[in-house]
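Spelled out, the chains give:
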Amino acid sequence: MKRIGVFVCHCGINIAETVDIEAVVKDLKDYPGVAYVQDYKYMCSDPGQNMIKEKIKSEKLDGIVIAACSPTLHENTFRMTVKTVDMNPYNCEIANIREQCSWVHKDKNEATPKAKLIIKSVVEKALLDEELEPVKVPVVRKALVLGGGIAGIQAALSIANSGHEVILVERQSSIGGRMAQLSETFPTLDCSQCILTPKMVDVAQHEKIRLMTYSELEDISGFVGNFKVRIRQKTKYIDWDKCTGCGLCIEKCPKKVPSEFDQELGKRKAVYTPFPQAVPNKPVIDHENCTYFKTGKCKLCKMVCPFDAVDFDETDKFVEEEVGAIVVATGYDVYPVLNMDEYGSGKLPDVIDGLTFERILSSSGPTGGEVRRPSDGKVPKEIVFIKCVGSRDPENHFPYCSKICCMYTTKHAMLYKHRVHDGQPYIFYMDVRAGGKGYEEFYQRAQEEDNVIFLRGKVSKVYQDDDKVVVCGIDTLSGSNIEIRADMVVLAMAIRPSKGVEELAQLLKTAIDQNGFLTEAHPKLRPVESLSAGIYLAGCAQAPKDIPDTVAQASAAASMVSNLFAQEYLLHEPIITGVDEDLCSGCGLCITVCPYDARTLNREKSIVDVNEILCEACGACAAACPSGAAQQRNFTDKQLSNMIKAILI
Amino acid sequence: MQVSYYPGCMLKTNAKNFETSALAVLDRLGVTARELEDWYCCGVCFSQASDNLMQQIAPIRTLVKTKESGNPQLLALCTMCYNTLKRSIEFIKADKDKLETIQEFMDREATRFYGDEVDVIDILSLIKQIGLDKLKEAIVKKVEDLKIASYYGCMLLRPKEIAIDSPDDPNIMEEIITASGCENVYFPFRTECCGSYQIVNEPDIVTDRAKKIVDSAVKNGADLMVMLCPLCYYNLDEVQTEIQKEDNTFQTIPVLYITQLLALLMGLDLDIHDFSLHSVDPRPVLKMKGLL
């Protein structure tokens, strides 16, 4: 029989106060298989660990049971300890007598016998434990980045610059994302496109980056280091290998539709690039609006194309790739104004969201950067900005702060004033949150130099009166009701995770929080890792954030990917459920219950094969197996039944 | 179809024309509204005191009577009554301890009441429940170009837990007006407070609000304003005459209960209206549009 050592921890008074340690030690001494018992005040301390090491050698122990706190806390610590004295780490077991015993009981007379039983049960397990070695898994050193906004661009460039291959997938036809839509950026007022487009070009030209725009992740399988992904390349109807981006098709296309890039203020053609600086600068045909697809006639683009790149018969293509890590950088959407009944439900043309105002301010926008209101193109002389619209409103909309609105609204008011010198901007705010390098100074400047009037209070109603938009609100600092007959109103709408994130999270088997943003593994210490190994988060997909924060997070995510790729191989827990070839009849029951696709039928041998890397040891197959051929390592039927017997008898 | 009917004090006095027209319209739509026997005052204002439960007893006694009547759907025509009764239900449903305390006081009632056995309904929702198609069928007079400003007030829309439609952008009255063949006039003050009981001690507040609301309806081209609340009605009808005495440029607009308009369009007996109760006489406009 094996020689098992039992080490009982007092955990200060955490355990010792409710469990009679002396009685436990005395009782365990006589238990069959137990060769040595010792208690100690803090087993996890250095002296505690050293004692364990010494006793393993001096008492010639084959396995040990540590009766202490939950294995989630120190199992790894103790396994590493025993490894240094050449004991197999999987022969070190934890009996949890703190969380499952001393902490939940008050009566020593109840807790002490329970602690004894818990320890005895784990001794039974330890007696039959095998020596196991971790499964080694190779790493595919290629990353997939989902989303081609500034977060995805930064992550892709950073990973590629450390020498690894990157596939960058973007669902629009061009990369650039929301940042490409912005006018100028706070707090330095540098032009957004001017700082973004060089990076976009870098992505396109980088030899390590494979850019796949107008594409979406379709399916994924596998695990960290070894994902298999299937990417759908949506039908462009234009062969980009032939297309040179000359733009002749766009010029000749007779169909105009509202431009999504310009927030529907401007028009684009049915064959289009979203904006002139697009990367890749090649057009796609919008199936829904194309005259040919609607009526069967037109084909003007095909006729004028000098390179015969237009192909109306094209279909979706699928690409399968293997990658080792994934960065999710899917960005944000703006909560639609139509949800705001008190601000006109989107029915008032001169009440717009902040992103639309960015397009109005942008020199490449529909008004060429002149501030003109959507309804009649007049220059607004009085303009009201309302912050926290939909944000910080748990009762009606969303509880969280959208974080960027304080700064961009201040910027909006400032840029407005720079363009309309005799105009008056007002900002209604709940709080001004200007935390960030140079942000507070920027906010001060708006008040002092640009005469932006800040009104602390909420707006109860916005309505149209002739050609004015009347804003009724309150200034809580003076306690007075305020009515402003404005020419235009800009709403700082809440930031939402971009459309489709929920489905993506399901596909990636990772979690989203109550507001729909992807959940990080730890809010402070693991802010760029998702809850699934090998999947990292960057940008607004995780939470609202501004450009500097997004770039920082994307760089961090890239560095996590590089860390992963720097490892020779990954280790996978050896506690998996194998197959006893002599017992297996190949009935396949276990294959249907396995949630990880780890089991397949070997038709030649008429037994089930197990992919040890995919197996997560959930035990579903072991429970389903009628012959007992599927046995989970170190959790065999025999071990479990002995453990139960130890408690019941 | 049968519903229980709770009139409340105004419907038997100042708002007699609301009751008669509403009951006649419902009758035409095939609904029998059975008046509760021996009903109490609704409590008038929903009590904001969370510890003074005495205030809840009046509305809850009425709800108990509704349960006993066998018609658990209770129609409250007056919006103030609707608001008070409906909120009392929400109040006791949300707090079982308070329900128990209240029940201890209800020694005269044999019936135990738990909150979800009775539902309070307003007449707009009831008409929608009957069906706008049915309403269309009942309309016999075709009017052309009759522009209606629907005024909601606050009692049907706030707080949002008992709101019959979006508190900020409701549409239910407009839907009914469209179904009845009239034209809607949207005016931004349709959900604005009329000033309510401030008419008693701060009448200037009401004058100010009434002027704003009426001006806005007139400016947007309305011929008539319709509503459901007897208090709003008083504040917006009576006060208009006062304003005009001070300011002869002020343009008035006749105010009707929405059920009066529907009764006229259904060609029901004109005696139910009692136009003498109106301060701004609606008859000239009604004649002009062929409804009289």
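Cut-offs used in this document
- Residues numbered from 1 in each chain as written.
- Chains lettered and ligands numbered in written order.
- Predicted model: local features only at pLDDT ≥ 70, side-chain atom pairs only at ≥ 80, totals over all residues.
- Helix = DSSP H or I, 4+ residues; strand = E, 2+ residues; numbered from the N terminus.
- Rg over C-alpha atoms; globule rule 2.2 N^0.38 Å.
- Contact = placed C-beta atoms within 7 Å.
- Buried ≥ 20, exposed ≤ 12 C-beta atoms within 10 Å, placed from the backbone.
- Nonpolar A, V, L, I, M, F, W, Y, C, P; charged D, E, K, R; others polar.
- Pairing = 2+ DSSP bridges.
- Axes fitted to C-alpha atoms, helices over the stretch in contact; angles between N-to-C directions.
- Parallel < 35°, antiparallel > 145°, perpendicular 65-115°, else oblique.
- Left-handed = near helix turned anticlockwise from the far one by under 90°.
- Arc of directions from axis to C-beta.
- Right-handed = clockwise from strand over helix to strand, strands pointing away.
- Domains from an automatic or database assignment.

**Q** Is there a simple way to explain the overall build of chain B in this structure?
**A** Helices and strands together make up the secondary structure of chain B, namely 12 helices and 8 strands. Relative to the compact-globule value of 19 Å for 292 residues, chain B shows a C-alpha radius of gyration of 19 Å, a close match. Seen through its C-alpha atoms, chain B measures out along the principal axes to roughly 55 × 45 × 30 Å. Nonlocal contacts in chain B, meaning residues at least 24 apart in sequence, comprise 79% of its contacts between residues at least 6 apart.

**Q** Help me out: how do you make sense of the overall build of chain A in this one?
**A** When its secondary structure is counted, chain A shows 17 helices and 36 strands. Here the C-alpha coordinates of chain A stretch approximately 95 × 70 × 40 Å along the principal axes. Among the 649 residues that make up chain A, the fraction classed as buried is 43%.

**Q** Can you walk me through the interface of chain B and chain A in this structure?
**A** Put simply, an interface is often sized by how much accessible area is lost when its parts join up. The interface of chain B with chain A comprises 4 residues on the first partner and 4 residues on the second. The residue inventory of the side of chain B that touches chain A, partitioned by class, reads 1 nonpolar, 1 polar and 2 charged.

**Q** Which parts of the structure should I look at to understand unusual backbone geometry?
**A** Most of the time, phi is negative for any residue but glycine, and the peptide bond is trans. Between Val 279 of chain A and Pro 280 of chain A the backbone carries a cis peptide bond, its omega angle lying at 0°. Within the secondary structure, Pro 280 of chain A sits in the loop between strand 15 (271–272) and strand 16 (284–285). Geometrically, the link from Arg 158 of chain B to Pro 159 of chain B is a cis peptide bond, its omega value of -5° lying close to zero. For Pro 159 of chain B, the position within the fold is in the loop between strand 5 (147–150) and helix 7 (172–179). Despite not being glycine, Lys 60 of chain A has its phi angle at roughly 50°, a positive value. Non-glycine residue Ser 196 of chain B carries a positive phi angle of around 50°. Here Ser 196 of chain B is to be found in the loop between strand 6 (183–185) and helix 8 (198–201). A tally of 19 C-beta atoms within 10 Å means that Ser 196 of chain B is categorised as partly exposed.

**Q** Before we go on, may I ask you to explain the sheet that holds strand 2 (residues 32–35) of chain B in this structure?
**A** In a beta sheet, neighbouring strands are held together by backbone hydrogen bonds and run either parallel or antiparallel to one another. Residue and element names in this part refer to chain B. Pairing is parallel across the open sheet formed by 4 strands, whose spatial order is 2-1-3-4. Edge positions in the open sheet fall to strand 2 and strand 4 (119–121), since each of these has one partner strand only. Averaged over all neighbouring strand pairs, the angle between strand axes comes to 40°, with direction disregarded. Bridging between strand 3 (residues 73–76) and strand 4 involves 3 bridges; their strand directions are parallel.

**Q** Would you explain the packing of helix 4 (residues 108–127) of chain A against helix 17 (residues 637–648) of chain A in this entry?
**A** Two quantities define a packed helix pair, namely the angle between the helix axes and the distance between the axes. Residue and element names in this part refer to chain A. Across the interface, helix 4 lies against helix 17 with an axial gap of 8 Å and an inter-helix angle of 155°. Here helix 4 lies roughly antiparallel to helix 17, going by the angle between them. When you trace helix 4 past helix 17, the crossing you get is right-handed. Contacts between helix 4 and helix 17 involve Leu 117, Lys 120, Ser 121, Glu 124 and Lys 125 from the former and Gln 639, Asn 642, Met 643, Ala 646 and Ile 647 from the latter. Here the residues of the contact of helix 4 with helix 17 are counted per class, giving 4 nonpolar, 3 polar and 3 charged.

**Q** Would you mind showing me how to read helix 7 of chain B here?
**A** All names here are of chain B. Every buried residue of helix 7 is listed here: Met 173, Ile 176, Ile 177 and Ala 179. Along the axis of helix 7, the buried residues cluster in a sector spanning 165°; they form a single face. Tucked into the core, helix 7 has its buried residues touching helix 5 (123–130), helix 6 (132–138), strand 5, strand 6 and helix 11 (258–265). Just downstream of helix 7, Gly 181 is the residue with a positive phi angle, here 90°.

**Q** Looking at this model, I keep getting lost on the pairing of strand 1 (residues 2–6) of chain B. Mind explaining?
**A** The side chains of a regular strand alternate, first on one face of the sheet and then on the other. Residues and elements named next belong to chain B. Counting buried positions along strand 1 gives 4 out of 5 residues, so the element sits mostly inside the fold. Each parallel crossover has a hand, and for strand 1 linked through helix 1 (residues 16–28) to strand 2 it is right-handed. Bridge count between strand 1 and strand 3: 3 bridges; the pairing is parallel. Paired with Ser 4 across the bridge in strand 3 is Leu 74.

**Q** Mind showing me how you'd approach the domain arrangement of chain A here?
**A** Residues and elements named next belong to chain A. Split into domains, chain A comes out as domain 1 (4–127), domain 2 (235–315), domain 3 (332–496) and domain 4 (576–632). Of note, the centres of domain 2 and domain 3, computed from C-alpha atoms alone, are 35 Å apart. With 6 residues of domain 2 at the interface, the matching set in domain 3 holds 7 residues.

**Q** Sorry, what's going on with the domain arrangement of chain B here?
**A** Residues and elements named next belong to chain B. Its domain assignment divides chain B into domain 1 (2–123) and domain 2 (140–286). On a C-alpha basis, the centres of domain 1 and domain 2 stand 25 Å from each other. Contacts between the two partners involve 22 residues from domain 1 and, on the opposite side, 24 residues from domain 2. Breaking the side of domain 1 that touches domain 2 down by element, the ones donating at least two residues are helix 1 and helix 3 (79–94).

**Q** What am I meant to see in the packing of helix 10 (residues 354–361) of chain A against helix 11 (residues 405–419) of chain A here?
**A** All names here are of chain A. The contact between helix 10 and helix 11 brings their axes to 11 Å, and the two run at 35°. Crossing hand, helix 10 versus helix 11: left-handed. Contacts from Gly 354, Phe 357 and Leu 361 of helix 10 reach helix 11 at Cys 405, Tyr 408, Thr 409, His 412 and Leu 415. When the residues that make up the contact of helix 10 with helix 11 are grouped by side-chain class, the tally is 5 nonpolar, 3 polar and no charged.

**Q** Help me out: how do you make sense of the environment of Gly 588 of chain A in this one?
**A** Residue and element names in this part refer to chain A. Inspection of the secondary structure assignment puts Gly 588 in the loop between strand 33 (577–579) and helix 15 (589–593). Residue classification places Gly 588 among the partly exposed residues on the basis of 13 C-beta atoms within 10 Å. The contact partners of Gly 588, leaving out residues within four places of it in the chain, are Leu 601 and Val 608.

**Q** I keep staring at the environment of Val 140 of chain A and nothing clicks. Help me out?
**A** Residue and element names in this part refer to chain A. Considering the arrangement of structural elements, one finds Val 140 in the loop between strand 5 (135–138) and strand 6 (142–146). A count of 18 C-beta atoms within 10 Å places Val 140 in the partly exposed class. Along the primary structure Val 140 and Glu 448 are separated by 308 residues, whereas in three dimensions their C-alpha atoms are 56 Å apart. Once residues lying within four places of it in the same chain are set aside, the contact partners of Val 140 are Gly 225, Asn 226, Glu 322, Val 323 and Gly 324.

**Q** I would appreciate a short explanation of the sheet that holds strand 11 (residues 215–223) of chain A in the present structure.
**A** All names here are of chain A. With respect to topology, 3 strands assemble into an open sheet ordered 11-12-17, the strand pairing being antiparallel. A single partner strand is all that each edge strand has here, and the edge strands are strand 11 and strand 17 (317–323). Taken pair by pair, the neighbouring strands of this sheet meet at an average axis angle of 20°, ignoring direction.

**Q** What's the story with the pairing of strand 5 of chain B in this structure? I'm lost.
**A** Residues and elements named next belong to chain B. Pairing of strand 5 with strand 6 involves 3 bridges; the strand directions are parallel. Bridging across to strand 6, Ala 149 finds its partner in Val 185. Regarding the hand of the β-α-β motif, the stretch spanning strand 5, helix 7 and strand 6 is right-handed. Note: strand 5 against strand 7 (residues 224–227), 3 bridges, orientation parallel. When the sheet's bridge partners are listed, Ala 149 is paired in strand 7 with Met 225.

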